[in-house]
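The chain contents come next:
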Number of protein chains: 2
Amino acid sequence: MIRNHRRPTGASRKEAALRSFGSGTRVPTLAAVLDIIRERTTVSRVELAEATGLTQATMTRAVRKLLAMGFVHEVGTARSNGGKPRRLLELQPEAHYQVGIQFDRFASVGVVVDLAGRIVARREMPGPGERRPREVLAEFAETVRSMLDAASIDRSNVLGIGLATHGPQDREAGVLLTPQPTPEWLRFPVAATLADLTGLPVVIENDATAAGIGLQARGDSASSFAVVFMSGGIGSGLIIDGHPYRGSTSNGLELGHISVDATGPRCDCGNRGCVDNVASPTAIARQAAANPELVARLGLGRDPLSDFSSVGRAAIAGDPDAAALILLSAQRLSIATVSLVNLFDIGRVVLAGSAFAETGAVYRDAVQQVLDESVFMRHVHGTRVELADNLTEAAAIGGAVVVLRNRLESPTVGDWAAI
Amino acid sequence: MIRNHRRPTGASRKEAALRSFGSGTRVPTLAAVLDIIRERTTVSRVELAEATGLTQATMTRAVRKLLAMGFVHEVGTARSNGGKPRRLLELQPEAHYQVGIQFDRFASVGVVVDLAGRIVARREMPGPGERRPREVLAEFAETVRSMLDAASIDRSNVLGIGLATHGPQDREAGVLLTPQPTPEWLRFPVAATLADLTGLPVVIENDATAAGIGLQARGDSASSFAVVFMSGGIGSGLIIDGHPYRGSTSNGLELGHISVDATGPRCDCGNRGCVDNVASPTAIARQAAANPELVARLGLGRDPLSDFSSVGRAAIAGDPDAAALILLSAQRLSIATVSLVNLFDIGRVVLAGSAFAETGAVYRDAVQQVLDESVFMRHVHGTRVELADNLTEAAAIGGAVVVLRNRLESPTVGDWAAI
């Protein structure tokens, strides 16, 4: 019998994933090496070569580059059994900083993170609402300035800004391919404009994917998981062995627009019975608004995210109408998540996004229960549901991490041939 | 603005995909080189190096290996502009053969293919039904013998057998992880038993994934597409830049068990409103059986796949009851396919499997129409729906291709370090 698939299991899985990472896509090697240095705190070149499957000569060149950029430094030596002393490397977290901003129609959050992905400054901002892109981006620029001032970070030490928001996007062009929140945003040069306003490089990224990248870069660098991201709407992202799944145009995983009711009402997107229309915070706020007593009791009528938060708090406090709405949302989201898990065959789902701030545990438990009962592969492997750390900032942190990755992957820095 | 994603476009896309293929996963290099040789008919080492991004020294070693295995041979020289003559390589299609067998409960088909993926022998067989694994596998072994005899192929020239069937599977162990078609099949050593009976190496593969691999290996080796596979049930597979997407346990894309009705009837799998229960041939045969006039008119009451074929032929001939059943199936399958496309962000869907033999064009047109109206990304890129060539044999061909790939990827043959 041919062994048709050498699937790494247990302890060897991560290492094999890293090895394929290292030898695989030629560009992200420096990012992979930096991830391992961060994870292991201190590590020698020999250990790095072993963990990645790269040759020691290649690792020596990669480390030389990271040293020259100031991303890592040497912190003494360790003597291996009988061999010559090995110099140990350590991340230099304060060498550079990155800014991440996540926004949707109703809320925005900005962070400054260091090379270890730790938040050193944070600001909440209003969402764009109906405002023009230029006004909103000017506000973002001002927030960036304010955060850097507050953290006493010199602009020359900032690698750039990552803007995490809804798709579809053209990430190369730095534009949104959707007339959301208003038609003016369609193909508006958001990245170029914010770059002009701040003097910093700017990238855009899908919010759910960004949340996944942020979680991955701060945790196990070779892990695989899906992100269910909920702010005003519902999205999702997928990290496979530490790599974001992108799809053909970097707009994968539109979880909000998969149908949970083939005969349901038509969505603006053209599909019927989209889960976004029945389970998203915007949808729940709309349903709450149809109940005048609930509106009066909770003082609803602000923006949908605020109203959704109020409904969530009331549900936790025992309001039966509010609890019914949250439960309906959680059940519908669970059904869609089963589809996601059945299609991608994944073992871990992380919930992220500010909409989980109040009722995240309710959603986590509901989704876990439905997955336990309904995932096709559950007799082969379970699927674990978790709430992200930093629910609200996860996507902004990921935006910042994308900036770092891009820097390490840029041809003049990380090119395989050059290191 | 940072160029955050160097997405290859147009002409460069395939080449970039191949380059990432070649330098990426270290093992499948020989398979990639063989694919290009097959696609270009005749090609020089220099052209191969250019197409894959591998160094000429590496390509020379890879070609030496393929020559030694008899997979390719030299067919003369071409003089490039001013340089020295380049020796041209060509696939040796008859050097080796592979067997593929696809089976589900109701039908089986076996093929013998050459190195170019061309069918040189073919047999239809009954499906396992309620029979024991050993009896069915003995029938498969006899069919293999008969096909090889008919095509006058010596067993020593056969690389092995690929069994394509439903999941979940443990491909490493060569067993099914589901009590289908009967409980005896759960963890029965299907690969090892068939290997004992035939003296040939045997691998197992998901049927939808196999269909995708078969299509990819006979067409554009770097293409990306989803396969919607329908035999008794509904499954799907995904090929990204020529690579099968596998998920965490090689059981991705359980399209049949994604929900199109969150409040629908509970499926055996535990989920509600699974598309398999409303749209699969088995489901349509069940629905047809509930219409006594239709049963009498079409002489139904055989196995579900045969009954589904009868309903399909009647639908084409204008029977309104039959047409209504096929249309319902096509519509529900379309909704599920939109979810697939929205999650994976793909631009091409291929329908394969014997259930599309009668009414494939109806399904193709229905799915195309719904995708055109409902895919979230349709304003950014369209998604094309196609019927596979060799609808009925696609998965069996793919099973055979997997055997070839595994041979080229086996450590003693294709290891990067060794070539």
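All values derive from a computational prediction rather than experimental measurement.

### Topic: the interface of chain A and chain B
Chain A puts 76 residues into the contact, and the matching count from chain B is 78 residues. In total, about 6500 Å² of surface goes out of reach between chain A and chain B, with carbon and sulfur atoms giving 54% of it. Scanning the region where chain A abuts chain B turns up 18 residue pairs in polar contact (both at pLDDT 80 or more). Only helix H1 (11–23), helix H6 (190–198), strand E10 (202–206), strand E12 (234–240), helix H12 (320–344), helix H13 (360–374) and helix H14 (394–409) of chain A provide two or more residues apiece to the side of chain A that touches chain B. For the side of chain A that touches chain B, the element with the most residues is H12(A), which contributes eight residues. Its residues assigned to classes, the side of chain A that touches chain B shows 32 nonpolar, 25 polar and 19 charged.

### Focus on the side chain of Thr165(B)
All names here are of chain B. Mapped onto the fold, Thr165 is located in strand E7 (residues 158–165). Note on Thr165: relative accessible area 1%, which makes it buried. In contact with Thr165, other than residues within four places in its own chain, are Phe103, Leu176, Glu205, Asn206 and Asp207.

### Description of the relation of the copies chain A and chain B
Mapping chain A onto chain B leaves a residual RMSD of 0.0 Å; the transformation is a rotation of 180° accompanied by 0.0 Å of translation along its axis. Taken together, the rotation and translation describe the operation of a two-fold axis. When you check the interface residues of chain A against chain B, 100% turn up at the interface there too, and the contact is symmetric in its surfaces.

### Regarding the packing of helix H5 (residues 133–150) of chain B against helix H6 (residues 190–198) of chain B
All names here are of chain B. The N-to-C vectors of H5 and H6 enclose an angle of 45°; their axes lie 9 Å apart at closest approach. Relative to H6, the element H5 lies oblique. Both H5 and H6 take part in a crossing whose hand is right-handed. Contact residues: Arg134, Leu137, Ala138, Phe140 and Ala141 in H5; Val190, Thr193, Leu194, Leu197 and Thr198 in H6. In terms of residue class, the contact of H5 with H6 is made up of seven nonpolar, two polar and one charged.

### Notes on the sheet that holds strand E10 (residues 202–206) of chain B
All names here are of chain B. In space, the five strands of this open sheet follow the order E6-E5-E4-E7-E10, with mixed pairing throughout. Edge strands, defined here as strands with exactly one partner in the open sheet, are strand E6 (119–126) and E10. Strand-to-strand twist across the sheet, computed as the mean angle between neighbouring axes with direction ignored, equals 20°. Two strands pair when backbone bridges link them, and strand E4 (residues 97–103) and E7 are joined in this way by five bridges, in the parallel orientation. By the bridge assignment for E7, Ile101 is matched with Leu163.

### Focus on the environment of Cys267(B)
Residues and elements named next belong to chain B. Its place among the elements puts Cys267 in the loop between strand E13 (243–244) and helix H8 (275–279). For Cys267, a relative accessible area of 9% translates into the label buried. In this structure the C-alpha to C-alpha distance between Cys267 and Leu54, which are 213 residues apart in sequence, comes to 49 Å. Apart from residues lying up to four places away in sequence, Cys267 is in contact with His257, Cys274 and Asn277.

### Digging into helix H2 (residues 29–40) of chain B
Look at H2(B): 17 Å from first C-alpha to last across twelve residues, which is about the 16 Å you get at 1.5 Å a residue. Taking burial as the measure, the twelve residues of H2(B) include ten buried ones, the bulk of the element.

### Side note on the packing of helix H2 (residues 29–40) of chain A against helix H3 (residues 45–52) of chain A
Residues and elements named next belong to chain A. Contact geometry of H2 with H3 gives a least axis separation of 11 Å together with a crossing angle of 115°. Every pair of crossing elements has a handedness; the one defined by H2 and H3 is right-handed. Counted together, Val33, Ile36, Ile37 and Arg40 of H2 and Glu47, Leu48, Ala51 and Thr52 of H3 form the full contact between these two elements. Residues that form the contact of H2 with H3 fall into these classes: five nonpolar, one polar and two charged.

### Topic: the pattern of salt bridges
Residues and elements named next belong to chain A. The final tally for this structure, using the stated rule, is 44 salt bridges over all chains. Notably, a salt bridge pairs Arg348 with Glu386, separated by 3.2 Å at the nearest N-O pair. In this pair, Arg348 is assigned in strand E14 (residues 348–352) and Glu386 in strand E15 (residues 384–387), connecting sequence segments 38 residues apart. With relative accessibility at 22%, the residue Glu386 sits in the partly exposed group. Each member of the salt-bridge network shares a partner with another, and the members are Asp35, Arg38 and Arg405.

### Examining the UniProt feature "domain: HTH marR-type" (unreviewed entry) in chain A
According to UniProt, the feature "domain: HTH marR-type" (unreviewed entry) maps to residues 31–73 of chain A in the numbering used here. Within the segment residues 31–73 of chain A, helix and strand shares are 72% and 12% respectively, and the terminal C-alpha atoms sit 16 Å apart.

### What to know about the packing of aromatic side chains
Aromatic ring pairs are defined here through the distance separating the ring centres and the angle between the ring planes. Applying the stated criterion across every chain yields a total of twelve aromatic pairs over all chains. Here the aromatic rings of Tyr245(A) and Phe344(B) are separated by 5.7 Å at their centres, their planes lie at 90°, and the arrangement is edge-to-face. Highlighted residues: Tyr245(A) in the loop between strand E13 (243–244) and helix H8 (275–279) and Phe344(B) in helix H12 (residues 320–344), drawn from two different chains. With centroids separated by 5.3 Å and ring planes inclined at 80°, the aromatic side chains of Phe356(A) and Tyr363(A) adopt a geometry described as edge-to-face. A residue is classified by how much of its surface remains accessible, and Tyr363(A), at 0% relative accessible area, is buried. Put simply, the rings of Tyr245(A), Phe344(A), Tyr245(B) and Phe344(B) touch in pairs and so form one group of aromatic residues.

### Some details on the nonpolar core
One finds Phe71(A), Phe344(A), Phe71(B) and Phe344(B) to be the most contacted residues of the largest nonpolar core, which totals 203 residues. When neighbours within four sequence positions are excluded, Phe71(A) is seen to be in contact with Leu34(A), Leu66(A), Glu90(A), Leu91(A), Gln92(A), Ala95(A), His96(A), Leu115(A), Leu159(A), Leu404(A) and Leu408(A).

### Notes on the sheet that holds strand E3 (residues 86–91) of chain B
Residue and element names in this part refer to chain B. A sheet is described by the order of its strands in space; here three strands give the open sequence E1-E3-E2, paired in antiparallel fashion. The strands lining the two open edges of the sheet, one partner per strand, are strand E1 (42–44) and strand E2 (72–78). Geometrically, the sheet is characterised by an average inter-axis angle of 40° between neighbouring strands, direction not taken into account. With three bridges joining them, E1 and E3 adopt antiparallel strand pairing. Across the sheet, residue Ser44 finds its bridge partner in E3, namely Leu88. Against the sheet, H2 touches E1, E2 and E3, its axis set at about 95° to E3. The strands touched by helix H4 (residues 56–68) within the sheet are E2 and E3, with E2 carrying the most contacts at an inclination of about 120°.

Rules used throughout
- Residues numbered from 1 in each chain as written.
- Chains lettered and ligands numbered in written order.
- Predicted model: local features only at pLDDT ≥ 70, side-chain atom pairs only at ≥ 80, totals over all residues.
- Heavy atoms only, no water.
- Contact = heavy atoms within 4.5 Å.
- Buried area = accessible area lost by both parts, 1.4 Å probe.
- Polar contact = N/O pair within 3.5 Å; in protein donor to acceptor, adjacent residues only side chain to side chain.
- Helix = DSSP H or I, 4+ residues; strand = E, 2+ residues; numbered from the N terminus.
- Nonpolar A, V, L, I, M, F, W, Y, C, P; charged D, E, K, R; others polar.
- Buried < 20%, exposed > 50% of the residue type's maximum accessible area, 1.4 Å probe, protein only.
- Least-squares fit on C-alpha atoms with pLDDT ≥ 70 in both.
- Axes fitted to C-alpha atoms, helices over the stretch in contact; angles between N-to-C directions.
- Parallel < 35°, antiparallel > 145°, perpendicular 65-115°, else oblique.
- Left-handed = near helix turned anticlockwise from the far one by under 90°.
- Pairing = 2+ DSSP bridges.
- Expected span 1.5 Å × (residues − 1).
- Salt bridge = Lys/Arg side-chain N within 4 Å of Asp/Glu carboxyl O.
- UniProt positions renumbered as here; feature names shortened; annotations may be inferred.
- Phe/Tyr/Trp six-rings, centres within 6.5 Å; stacked < 30°, edge-to-face > 60°.
- Core = buried A, V, L, I, M, F, W, Y, C linked by side-chain atoms within 4.5 Å.

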